[in-house]
Amino acid sequence: MPQIVLTTLNARYAHASFGLRYLMANLGPLAAHATMIEFDIKRPIPTAAQEVLKQEPIIVGIGVYIWNVTQSTELVRELKRLRPNLTIVLGGPEVSYETNQQEIAHLADYVITGEADLAFAALCDKLLTNRRPLTKVIAADLPEFAAKQKALQLAPSSPTVALPYDLYTDVDIAQRVIYVEASRGCPFKCEFCLSSLDVPVRNVPTDAFLAAMQSLLDRGVRRFKFVDRTFNLNLNISRAILRFFLDRLSDDLFLHFEMIPDRLPDPLRELITQFPPGTLQFEVGIQTFNEDVSALISRRQDVAKIQENLTWLREQTGVHVHADLIVGLPGEDIASFARGFDRLVRLRPQEIQVGMLKRLRGTPIVRHDATWEMVYDPAPPYEVRQTKLIDAGAMLGMKRFARFWDLIANSGNFVETTARVLDNGPSPFASFRAMTEWLFARFGRAHGIPLHELAEGVLRFCVDWLSLDERATAESLWRDWQRAGRGDRPVFLRDFVNKDDARAARRRHAGALPSRQARHLPI
């Protein structure tokens, strides 16, 4: 039986825990006495606890995040109830800050704050040799990917982080998201983001990283999600990685990167243009176009350059652009958000992620609480409830807006029809906000709406509220319906669609791409 069990509750089964694999990869000799057990947050906690305890471990390490802290607290409570002598070690971003204020930290035996890749192994070694630390909260030293040489010495100053990619199983590769990283850290200081605390930026040695990527490719991985906060910060490294994948291009390759939106120089552009449509997805954080708000939250960005780069990406490349905006930032009202939203819509990214501001533990956004009367939900994910400029009712309306935007615009199920909605009315924001409230009144909810009912609701809004032509709108919805390969005719479209036309549209390359991204490709 293993002495150490590493476990966490993932948001979904498909999300393999990158953190657990790093911990396991860096256990050294202890890895032979350890095992990983992953759950998702829907797993009943008593069942999860029994699966952990049947391993008869001495130590259980649990990764705690904003999306699983509630369930993780229940798990720790259950484990301690059944096995009071079990040593439980917590780690992860959620317990790395404001640690003493959290129930889960009081229930556990030890908490490692910061990046625990190396610190967890060191703690386990002490615990298993009866050298228990006197302090409950252990601050991990910042680990490095490459050894730093001390002056006039040949020995490295500290151990380096081992890469975890061999720990992805064949089942992971077949069924789950494969996370990779070429760097850690972020040079920027945006006050809403935990990455503002994660400095300096550290790069994985390029040769070692690319060798690991080759190994994953050889094992059949074709979809890579890079978790680097600023993939294009170091242009030499980002170009080397893009060139590596370009030289190994296949029809089913898909690469996700989080990019700095105002940094796309010509040498990087030259490589980007060589990838087929849909192969690259860039997540670009805009967050706000209000320059006063950006200054208030310590966010540096060149808005003019962002517009130029997004325009170039849409007009000159096949990159799938996922752009982020945040609702509820201090100093920003709905009118300001609406102007930014309309501005971003005109730049035509395939997806706009409308996110509610969250008060992540440890972030300096709290310094604005008094001045801007910020009120957050005390429970995870700590979303903003109201501000000085947006009252609670309006904030709930914006949360509905974000939800319906994801269901309709981002999903790719209504690409052509969404454009009709945004192009008709006083502004894109005003039109979609009106549709949000119209649909909410119709269904009484923003979750659990069957797709065919949502599609009929969209049709009725376009006809009854926007006064668009019913047949033209129905034909638009039918083309959207076909984008996902659907050939069935919904009942509400049968009067408008000829039966002979009920055949699914086909797009080059689309079948190999993730379905949501594939729907955004031109037919």
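Scoring rules and cut-offs
- Residues numbered from 1 in each chain as written.
- Predicted model: local features only at pLDDT ≥ 70, side-chain atom pairs only at ≥ 80, totals over all residues.
- Heavy atoms only, no water.
- Helix = DSSP H or I, 4+ residues; strand = E, 2+ residues; numbered from the N terminus.
- Rg over C-alpha atoms; globule rule 2.2 N^0.38 Å.
- Buried < 20%, exposed > 50% of the residue type's maximum accessible area, 1.4 Å probe, protein only.
- Contact = heavy atoms within 4.5 Å.
- Areas by Shrake-Rupley, 256 points an atom, 1.4 Å probe, with all protein chains shown as cover.
- 1 Å grid on protein atoms, 1.4 Å probe; cavity = no way out; pocket = protein on both sides within 12 Å on 5 of 7 lines; lining within 4 Å.
- Points joined across faces, edges and corners; volume = space filled by probe spheres on them.
- Nonpolar A, V, L, I, M, F, W, Y, C, P; charged D, E, K, R; others polar.
- pLDDT = per-residue confidence, 0-100.
- Expected span 1.5 Å × (residues − 1).
- Pairing = 2+ DSSP bridges.
- Axes fitted to C-alpha atoms, helices over the stretch in contact; angles between N-to-C directions.
- Parallel < 35°, antiparallel > 145°, perpendicular 65-115°, else oblique.
- Left-handed = near helix turned anticlockwise from the far one by under 90°.

1. Considerations on the overall build of the protein chain
- A count of helices and strands for the protein chain gives 18 helices and 16 strands.
- Relative to a compact globule of 523 residues, whose C-alpha radius of gyration would be 24 Å, the protein chain shows 25 Å and is just as compact.
- Dimensions along the principal axes, computed over C-alpha positions, put the protein chain at roughly 75 × 50 × 45 Å.
- Put simply, the protein chain has 523 residues, and 52% of those count as buried.
- Of the contacts made within the protein chain by residues no fewer than 6 positions apart, 71% connect residues no fewer than 24 positions apart.
- Here the protein chain displays about 22900 Å² of accessible surface, and carbon together with sulfur accounts for 50% of that area.

2. Description of unusual backbone geometry
- Between Pro 380 and the following residue, Pro 381, the backbone shows a cis peptide bond with an omega angle of 5°.
- Its identity as a non-glycine residue notwithstanding, Glu 98 has a phi of 50°, on the positive side.
- Of note, Glu 98 is situated in the loop between strand 4 (87–91) and helix 4 (103–107).
- At Tyr 382, a residue that is not glycine, the phi angle is positive and equals roughly 60°.
- By the element assignment, Tyr 382 lies in the loop between strand 15 (375–376) and strand 16 (384–386).
- Tyr 382 sits in the buried class, given a relative accessible area of 5%.

3. Concerning empty space enclosed by the protein
- Taken as a whole and assessed by the stated rule, the structure comprises one cavity of 30 Å³ or more.
- A volume near 40 Å³ is recorded for the largest cavity.
- Taken together, Asn 232, Met 259, Ile 260, Pro 261, Leu 264, Val 284, Asn 309, Leu 310 and Leu 313 make up the lining of the largest cavity.
- Here the lining of the largest cavity takes three residues from helix 11 (residues 303–316), the largest share from any one element.
- Classifying every residue of the lining of the largest cavity by side-chain character gives seven nonpolar, two polar and no charged.

4. Here's the deal with the confidence of the model for the protein chain
- Residues with a pLDDT of 70 or more make up 94% of the protein chain, whose mean pLDDT is 93.
- Of the regions scoring below 50 in pLDDT, residues 149–156 engages in seven contacts with residues more than four places distant in sequence or in other chains.

5. A look at helix 8 (residues 235–246)
- Here helix 8 is twelve residues long and its end C-alpha atoms lie 16 Å apart, about the 16 Å a rise of 1.5 Å per residue gives.
- Listed in full, the buried residues belonging to helix 8 are Ile 237, Ser 238, Ile 241, Leu 242, Phe 244, Phe 245 and Leu 246.

6. A word on the layout of surface pockets
- One number sums up the size of the second largest pocket: a volume of about 610 Å³.
- Arg 314, Arg 348, Pro 349, Gln 350 and Val 415 are the residues nearest the centre of the second largest pocket, which is lined by 26 residues in total.
- Put simply, the parts of the chain that give the lining of the second largest pocket at least two residues each are helix 12 (334–346), strand 14 (351–356), helix 13 (392–410) and helix 14 (415–423).
- Sort the elements by how many residues they give to the lining of the second largest pocket and helix 14 lands first, with five residues.

7. So, the sheet that holds strand 5 (residues 110–113)
- Here we have six strands laid out as an open sheet, ordered 2-1-3-4-5-6, and parallel in their pairing. Single-partner strands in this sheet number two, and they are strand 2 (34–40) and strand 6 (137–139). Adjacent strand axes in the sheet meet at a mean angle of 20° when their direction is disregarded.
- Of the pairings in the sheet, the one linking strand 1 (residues 4–10) to strand 3 (residues 59–63) comprises five bridges and is parallel in character. Note that in strand 3 the partner of Thr 7 across the bridge is Ile 62.
- On the sheet, helix 3 (residues 69–82) packs against strand 1, strand 3 and strand 4 and is oriented at approximately 170° with respect to strand 3.
- Of the strands in this sheet, strand 1, strand 3, strand 4, strand 5 and strand 6 are in contact with helix 5 (residues 119–128), which crosses strand 5 at around 155°.

8. Points about the packing of helix 7 (residues 206–218) against helix 8
- Look at helix 7 against helix 8: their axes get within 11 Å of each other, and the N-to-C directions meet at 25°. As judged from the angle between their axes, helix 7 and helix 8 are roughly parallel. Relative to helix 8, the crossing made by helix 7 is right-handed. Note on element contacts: helix 8 touches helix 7 through Ile 237, Ala 240, Ile 241, Phe 244 and Phe 245, opposite Thr 206, Phe 209, Leu 210, Met 213, Gln 214 and Leu 217.
- Among the residues forming the contact of helix 7 with helix 8, the class breakdown is nine nonpolar, two polar and no charged.

9. So, the sheet that holds strand 11 (residues 254–259)
- The six strands are arranged 7-10-11-12-13-14 in an open sheet whose pairing can be described as parallel. The sheet is open, and its two borders are formed by strand 7 (178–180) and strand 14, each paired with just one other strand. Recorded for the sheet is a direction-independent mean angle of 25° between the axes of neighbouring strands.
- The sheet contact formed by strand 7 and strand 10 (residues 223–226) spans three bridges and is parallel.

10. Concerning the pairing of strand 13 (residues 320–327)
- Across the eight residues that make up strand 13, a large majority, eight, are buried.
- Burial of strand 13 is two-sided: the residues His 320, His 322, Asp 324 and Ile 326 facing one way and the residues Val 321, Ala 323, Leu 325 and Val 327 facing the other way are all buried.
- Pairing of strand 12 (residues 280–287) with strand 13, which is carried by six bridges, proceeds in the parallel orientation. Pairing of Gln 281 across the sheet is with His 320, part of strand 13.

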